[in-house]
Amino acid sequence: MTEDIDTRELFHRYEGNPILAASDFPEMMNAAFNPGAVMFEGETLLLVRLEQRSGLSQLAVATSADGRTGWTIDPDRVLIPETGSFAEYWGIEDPRITKVGDEYLILYTGYSAGGTVICLAVTRDFRTFDRRGVIMSPEDKDAALFPTTFGGRWALIHRPAPATAELGSHIWLSWSPDMKHWGDAKVLVPARRGGWWDANRVGLGPPPMLTDQGWLVCYHGVRTTVSGSIYRLGLALLDRDHPDQVLLRGNEWVFGPSTPYERSGDVPDVVFPCGWILREDGDTIDMYYGAADSTVCLASASLADLLEHLQRHPCTESTDLRHRRRASSMVPPQVD
Ligand code: BMA
């Protein structure tokens, strides 16, 4: 860690970005992006969202010894939308992977004909996947599990969407005794309002990462502009034993689209990570993200830097939802 943390970027892009594109996969695909990431059998394993030319997505495995180069793609290691499934009717997207014992729990978005749902599949080898079905009904997405229970209960971070967009889409945390029945839900990270970079819509990025200060959370915030949305990333820290308590939330975004491969593509101005890996030095975080809904990229950061940044730039805005009604009544009327 160096002194000038406030005057330099926290994340450093890999110079070989993008590390994977649709053309790296055997079948004709439109795009490869938004990968989950985990260490598996000593290698970096990405579960990549592959969007077919039909527009529907599936998930495919890519592995690499150094997490940067020499990706191996085995065409048999895929999770494809279940035939006849209502929940996966229009494909499956954006997996987040949590290792629990010998099992890898994959939460992904099912694009159902009734809206987006959160689905769970369990694997030990990333060859066969045991589908456990829908765990959150529409509209919900951007979900991950913690790798441990808290007082005998599992915790889930997710992002339901309200019927009225004006109310904002916030990150929630729900509890379950058995990973099937979820409740006791509470807003964890509300979207801010007004001119904030994370106004109106936020969602979890990779699964929470345990640090000596608590659970580090990376989330995306969406800024809506006259020329489209900008997806950027921010940080929060949750209490180690009570993950429904937010210890810190950053004020500023820490990573946003700036390179040509992030600023142009199928959906311009999007960085969207679903996985990160803490390397063996205990400090280097490799974050794998989708760039512009088109390719898979890598950016790395120092864990100590991220935690220090959070301490130095805590949230200054009241995100107490009880203030939202007044805040929203202050929103000027839309003008065409
Ligand atoms: C979100 C998700 C992501 C996507 C992003 C930008 O709502 O659907 O899969 O990368 O929008 O298009």
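Residues numbered from 1 in each chain as written. Predicted model: local features only at pLDDT ≥ 70, side-chain atom pairs only at ≥ 80, totals over all residues. Heavy atoms only, no water.

1. A closer look at the site of the ligand
What counts, and what does not: Here, proximity means that at least one heavy atom of the residue falls within 4 Å of the molecule or strand. For this analysis, a polar contact is any N or O atom pair within 3.5 Å, provided that within protein one partner can donate a hydrogen and the other can accept it, and provided that sequence-adjacent residues contribute only side-chain to side-chain pairs. To be clear on the numbers: accessible area is Shrake-Rupley with a 1.4 Å probe, and residue cover counts the displayed protein chains and nothing else. Note on residue classes: Ala, Val, Leu, Ile, Met, Phe, Trp, Tyr, Cys and Pro are nonpolar, Asp, Glu, Lys and Arg are charged, and everything else, Gly too, is polar.
Around the ligand, the neighbouring residues are Asn34, Arg49, Asp94, Lys141, Tyr231, Val267, Val270, Phe272 and Asp293. Asn34 places a polar side-chain atom, nitrogen or oxygen, 2.9 Å from an oxygen atom of the ligand. Within the contact set of the ligand, an oxygen atom lies 2.5 Å away from a side-chain nitrogen or oxygen of Asp94. Within the complex, 83% of the 310 Å² of free accessible area of the ligand lies under protein. Residue composition of the shell around the ligand, grouped by class: four nonpolar, one polar and four charged.

2. What to know about the environment of Val122
Inclusion rule: Only runs of H or I of at least four residues qualify as helices and only runs of E of at least two qualify as strands under DSSP, and these elements are numbered from the N terminus. What makes two residues a contact is simply this: any of their non-hydrogen atoms within 4.5 Å.
Residue placement: Val122 occurs in strand 8 (residues 115–123). For the pair Val122 and Thr98, spaced 24 residues apart in sequence, the C-alpha to C-alpha distance is 9.7 Å. In contact with Val122, other than residues within four places in its own chain, are Glu103, Tyr104, Leu105, Thr128, Phe129, Asp130 and Arg132.

3. Focus: the sheet that holds strand 8
We count it as follows: Note on pairing: two strands pair once DSSP finds at least 2 bridges between them. In this description, a line fitted to the C-alpha atoms serves as the axis of each element, helices being fitted only across the stretch in contact, and the angle between N-to-C directions of two axes falls anywhere from 0 to 180 degrees.
Taken in spatial order, the four strands of this open sheet run 6-7-8-9, and their pairing is antiparallel. Looking along the sheet, the strands with just one partner apiece sit at the ends: strand 6 (92–100) and strand 9 (130–136). For this sheet, the mean inter-axis angle between neighbouring strands, taken without regard to orientation, is 25 degrees. Here seven bridges tie strand 6 to strand 7 (residues 103–112), and the two strands are oriented antiparallel to one another. By the bridge assignment for strand 7, Lys99 is matched with Tyr104.

4. Quick look at the sheet that holds strand 5 (residues 72–79)
The strand order 2-3-4-5 describes an open sheet built from four strands, whose pairing is antiparallel. Whereas interior strands pair on both sides, the edge strands pair on one side only; in this sheet they are strand 2 (29–40) and strand 5. Recorded for the sheet is a direction-independent mean angle of 30 degrees between the axes of neighbouring strands.

5. Some thoughts on unusual backbone geometry
Along the chain, Asn17 connects to Pro18 via a cis peptide bond; the corresponding omega equals -10 degrees. Within the element layout of this structure, Pro18 appears in the loop between strand 1 (12–13) and strand 2. Between Pro138 and Glu139 the backbone carries a cis peptide bond, its omega angle lying at -20 degrees. Summarising the element assignment, Glu139 is placed in the loop between strand 9 and strand 10 (140–145). The phi dihedral of Asp94 falls on the positive side, at around 50 degrees, and the residue is not glycine. Mapped onto the secondary structure, Asp94 falls in strand 6. The phi dihedral of Asp184 falls on the positive side, at around 55 degrees, and the residue is not glycine.

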